[in-house]
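Close look at the chain arrangement
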Amino acid sequence: MSNALVPLSNAVGLALQAKGLLLATAESCTGGGVAQAVTDIAGSSAWFERGFVTYSNAAKSSMLGVPAELIAVHGAVSEEVAAAMAQGSLAHSNAQVAISTTGIAGPTGGVPGKPVGTVCFGWAVDGRVQTQRKVFAGDRQAVREQAVAHALQELLRFLD
């Protein structure tokens, strides 16, 4: 894990603990990077419940309950699917807070309107869901690292 993520992951843990909340992650393009970042913090078992790595569309549907029709209509890389992933991770865990990521880390896979570097995020807390779409620059590793950091930074804002 990038050393830059340690203070961020620690801050997320402190915020969740202060509110007595558990976190679940639902990740596609980040491949478990968000879960790794938070579990690199000693004592994270007090506030991290579980992580889902749902790389395929079938996994998004079977593990998180994302409707196949939603993926067919909007594409796996969409704010709609990110929202459904976040909600699905709450429905299939004991957590009250969720982060989801779905995107195109590259170097291939970009399509018109969704270039390489496109990542859609979802954050869910207490029945509220927020989504965002970002396009990051750089190679596959850079896109993934930026996505993990962004997911955690925005969770801190969402928890406030």
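What counts and how
Residues numbered from 1 in each chain as written. Predicted model: local features only at pLDDT ≥ 70, side-chain atom pairs only at ≥ 80, totals over all residues. Heavy atoms only, no water. Buried < 20%, exposed > 50% of the residue type's maximum accessible area, 1.4 Å probe, protein only. Helix = DSSP H or I, 4+ residues; strand = E, 2+ residues; numbered from the N terminus. Pairing = 2+ DSSP bridges. Salt bridge = Lys/Arg side-chain N within 4 Å of Asp/Glu carboxyl O. Right-handed = clockwise from strand over helix to strand, strands pointing away. Contact = heavy atoms within 4.5 Å. Arc of directions from axis to C-beta. UniProt positions renumbered as here; feature names shortened; annotations may be inferred.

**Here's the deal with the pairing of strand β3 (residues 97-103)**
- Within β3, 7 of the 7 residues are buried, which leaves it mostly tucked inside the rest of the structure.
- Of the two faces of β3, the one lined by Val97, Ile99, Thr101 and Gly103 and the one lined by Ala98, Ser100 and Thr102 are each fully buried.
- The sheet contact formed by strand β1 (residues 23-27) and β3 spans 5 bridges and is parallel. The residue bridging Thr25 from the neighbouring strand is Ile99, located in β3.

**Some details on the pattern of salt bridges**
- Evaluation of the coordinates by the stated rule reveals 2 salt bridges.
- With a shortest N-O distance of 2.7 Å, Glu49 and Arg50 are connected by a salt bridge.
- The shortest N-O distance in the salt bridge between Arg157 and Glu154 comes to 2.0 Å. Of this pair, Arg157 and Glu154 both sit in helix α6 (residues 140-159), 3 residues apart, which is roughly one turn of the helix.

**Considerations on the pairing of strand β2 (residues 48-53)**
- Two elements, β1 and β2, share 5 bridges in a ladder whose sense is parallel. Among the inter-strand pairings, Thr25 is bridged to a residue of β2, identified as Gly51.
- Running through helix α2 (residues 33-39), the crossover from β1 to the neighbouring parallel element β2 is right-handed.

**Regarding the environment of Leu156**
- Among the structural elements, Leu156 can be located in helix α6.
- The partly exposed category is assigned to Leu156, whose relative accessible area is 21%.
- Non-local contacts of Leu156, meaning those with residues more than four positions away in its chain, are made with Leu8, Ala11, Val12 and Ala15.

**As for helix α3 (residues 57-64)**
- If you check which residues of α3 are buried, you get Ala59, Lys60 and Leu64. In an axial view of α3, the angular spread of the buried residues amounts to 105°, which keeps them on one side of the axis. Residues of α3 that are exposed and point more than 90 degrees away from the buried face comprise Ala58 and Ser62.
- For α3, the elements touching its buried residues are β1, β2, α4 (68-74), α5 (79-91) and β3.
- Just downstream of α3, Gly65 is the residue with a positive phi angle, here 75°.

**Some words on the UniProt feature "domain: CinA C-terminal" (unreviewed entry) in the protein chain**
- The positions UniProt marks with the feature "domain: CinA C-terminal" (unreviewed entry) are residues 8-158.
- Along residues 8-158 the backbone is 44% helical and 23% strand, and the end-to-end C-alpha distance reaches 14 Å.

**Concerning the side chain of Thr54**
- Tracing the chain through its elements places Thr54 in the loop between β2 and α3.
- Not counting chain neighbours up to four residues away, the residues in contact with Thr54 comprise Glu27, Ser28, Ala59, Lys60, Met63, Leu64 and Met85.

**Let's talk about the environment of Gly122**
- By the secondary structure assignment, Gly122 is in strand β4 (residues 118-125).
- For the pair Gly122 and Glu79, spaced 43 residues apart in sequence, the C-alpha to C-alpha distance is 7.1 Å.
- The contact partners of Gly122, leaving out residues within four places of it in the chain, are Ala82, Ala86, Ala98, Ile99, Ser100, Gln130 and Thr131.

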